[in-house]
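Now for the letters of each chain:
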Amino acid sequence: MTNAFDLSRRAALIGLTSVPSLIRPARAAPAPARLAPGSCLLTPRSIEGPFYLDPRLVRPVLAEGRPGVPLRLDLRVIAVGGCTPLSGARVDVWHADAQGVYSGYEGQGDGRRLSTVGQTFLRGTQFSDEAGAVTFETIHPGWYPGRATHVHFKVFVGPRTLVTGQMYFPDAVNETIYRTAAYGGRRLARDTLNATDVFARSEDPRRLGFCAMRPEGSEYVADLNIVVEAGRG
């Protein structure tokens, strides 16, 4: 099996932005109390897509044994009014596995004949800490026809949904990862990149949902600030 990190460590740094490194709850270093004004822009809303469900799994580790390149999602929820961290927000994430398959639904896979009903892989919930941070340990998502590589997320305060969005990854990193064994053997060719994804282009033209990404040890780390209007749902 080809090692993604041997293929191109440089590729993982493409797409790196001025977004500050996000803080995992277990780390002692404090997060900044406030973002720079220019970086505090509302995260755009995006379609929920057809594959959301809530299995009520509050957990940081999502893969359930699915093969793929390890990925840590470091997300930070920011209230737009004061540009400050929002604690106690519920963050749901869900995404496809290395072969583009979602858990919990019929009609999965390139042939759309696979059922994953009753399964819960690559779904989970966390609550933001005092730094607004949540961390998920997962695998890099695979692609499926018509879409660029992405992770779905929702942010709630109580019963109110503050934002439903999508998180995108640098295409250079995607290409490096997709050369590893877990992502191969597909019946269909990958047909959509970030620049040609209809939802990324129409719903997020400023690329506010595009993460910064880097290799760290045995995994990749994706950082994203999710900026919300805390007083509105």
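Peer 1: Please clarify how the pattern of salt bridges should be interpreted in this entry.
Peer 2: Oppositely charged side chains may form a pair once their charged atoms are brought near each other. Inspection of every chain in the model, using the stated rule, returns 14 salt bridges. The salt bridge involving Glu216 is made with Arg72; its shortest N-O contact spans 2.9 Å. With a gap of 144 residues between them, Glu216 in strand E8 (residues 212–216) and Arg72 in strand E1 (residues 70–79) connect regions that are remote in the sequence. Residue classification places Glu216 among the partly exposed residues on the basis of a relative accessible area of 28%. As a salt-bridge pair, Asp110 and Arg186 come within 2.7 Å of each other at their nearest N and O atoms.

Peer 1: Please clarify how the sheet that holds strand E6 (residues 150–157) should be interpreted in this entry.
Peer 2: Hydrogen bonds between backbone atoms are what pair the strands of a sheet, whose relative direction is either parallel or antiparallel. Taken in spatial order, the four strands line up as E4-E3-E6-E7 in an open sheet, and their pairing is antiparallel. If you trace the sheet from one side to the other, it starts and ends with strand E4 (123–127) and strand E7 (160–168), each paired once. Neighbouring strand axes in the sheet, compared pairwise and without regard to direction, differ in orientation by 20° on average. Of the pairings in the sheet, the one linking strand E3 (residues 90–94) to E4 comprises five bridges and is antiparallel in character. By the bridge assignment, Trp94 is partnered in E4 with Arg123.

Peer 1: Hey, could you run me through the pairing of strand E5 (residues 133–139) in this one?
Peer 2: Regular strands have side chains that alternate between both faces of the sheet. Counting buried residues along E5, six of its seven residues qualify, which places the element largely inside the surrounding structure. In this sheet, E5 lies alongside E1 in antiparallel orientation, the contact comprising seven bridges. Across the sheet, the residue bridging to Arg76 is Ala133, located in E5.

Peer 1: Any chance you could explain empty space enclosed by the protein here in plain terms?
Peer 2: Rolled over the atoms, a probe sized like a water molecule indicates the empty space that remains. This model, assessed by the stated rule, comprises two cavities of 30 Å³ or more. The calculated volume of the largest cavity comes to roughly 50 Å³. Only E3 and E4 provide two or more residues apiece to the lining of the largest cavity. Here the lining of the largest cavity is built from residues that sort into six nonpolar, two polar and three charged. By volume, the second largest cavity is sized at about 40 Å³. Along the walls of the second largest cavity sit Thr43, Pro44, Ser46, Gly165, Gln166, Tyr168, Phe199, Glu203 and Asp204, which together make up its complete lining. Where the lining of the second largest cavity is concerned, the elements lending two or more residues are E7 and helix H3 (198–203). By residue number, the principal contributor to the lining of the second largest cavity is E7, which donates three residues. Its residues placed into classes, the lining of the second largest cavity shows three nonpolar, four polar and two charged.

Peer 1: Just checking my understanding: could you explain unusual backbone geometry for this structure?
Peer 2: Although it is not a glycine, Arg56 sits at a positive phi angle of roughly 60°. In this fold, Arg56 is placed in the loop between helix H1 (4–7) and E1. With a phi angle near 65°, Leu122 is a residue other than glycine that sits in the positive phi range. Position of Leu122 relative to the elements: it lies in the loop between E3 and E4.

Peer 1: Is there a simple way to explain the packing of aromatic side chains in this structure?
Peer 2: Centre distance and the angle of the planes are the two values used to describe a pair of aromatic rings. In total, this model carries six aromatic pairs according to the counting rule given. Plain terms: the ring middles of Tyr52 and Trp94 are 4.5 Å apart, the flat faces sit at 55° to each other, and that makes the pair tilted. Linking Tyr52 in the loop between H1 and E1 with Trp94 in strand E3, this pair joins segments that are 42 residues apart in sequence. The class of Trp94 is buried, set by a relative accessible area of 1%. Through a chain of ring-to-ring contacts, the aromatic side chains of Phe51, Tyr102, Tyr105 and Tyr144 assemble into a single cluster. The cationic tip of Arg90 hangs over the ring face of Phe156; the distance from NZ or CZ to the ring centre is 4.5 Å.

Peer 1: Just checking my understanding: could you explain the pairing of strand E9 (residues 219–228) for this structure?
Peer 2: In terms of residue burial, E9 counts as a mostly covered element, since 10 of its 10 residues are buried. Residues of E9 alternate between two faces, with Glu219, Val221, Asp223, Asn225 and Val227 on one and Tyr220, Ala222, Leu224, Ile226 and Val228 on the opposite face, all of them buried. As paired elements, E1 and E9 share nine bridges and run parallel to each other. Bridge assignment links Leu71 to a residue of E9, and that residue is Tyr220. As defined by bridge partners, E8 adjoins E9 across five bridges and the pair is classed as antiparallel. Its bridge partner lying in E9, Met213 is registered against Ala222.

Calculation criteria
Residues numbered from 1 in each chain as written. Predicted model: local features only at pLDDT ≥ 70, side-chain atom pairs only at ≥ 80, totals over all residues. Heavy atoms only, no water. Salt bridge = Lys/Arg side-chain N within 4 Å of Asp/Glu carboxyl O. Helix = DSSP H or I, 4+ residues; strand = E, 2+ residues; numbered from the N terminus. Buried < 20%, exposed > 50% of the residue type's maximum accessible area, 1.4 Å probe, protein only. Pairing = 2+ DSSP bridges. Axes fitted to C-alpha atoms, helices over the stretch in contact; angles between N-to-C directions. 1 Å grid on protein atoms, 1.4 Å probe; cavity = no way out; pocket = protein on both sides within 12 Å on 5 of 7 lines; lining within 4 Å. Points joined across faces, edges and corners; volume = space filled by probe spheres on them. Nonpolar A, V, L, I, M, F, W, Y, C, P; charged D, E, K, R; others polar. Phe/Tyr/Trp six-rings, centres within 6.5 Å; stacked < 30°, edge-to-face > 60°. Lys NZ or Arg CZ within 6 Å of the ring centre and 35° of its normal.

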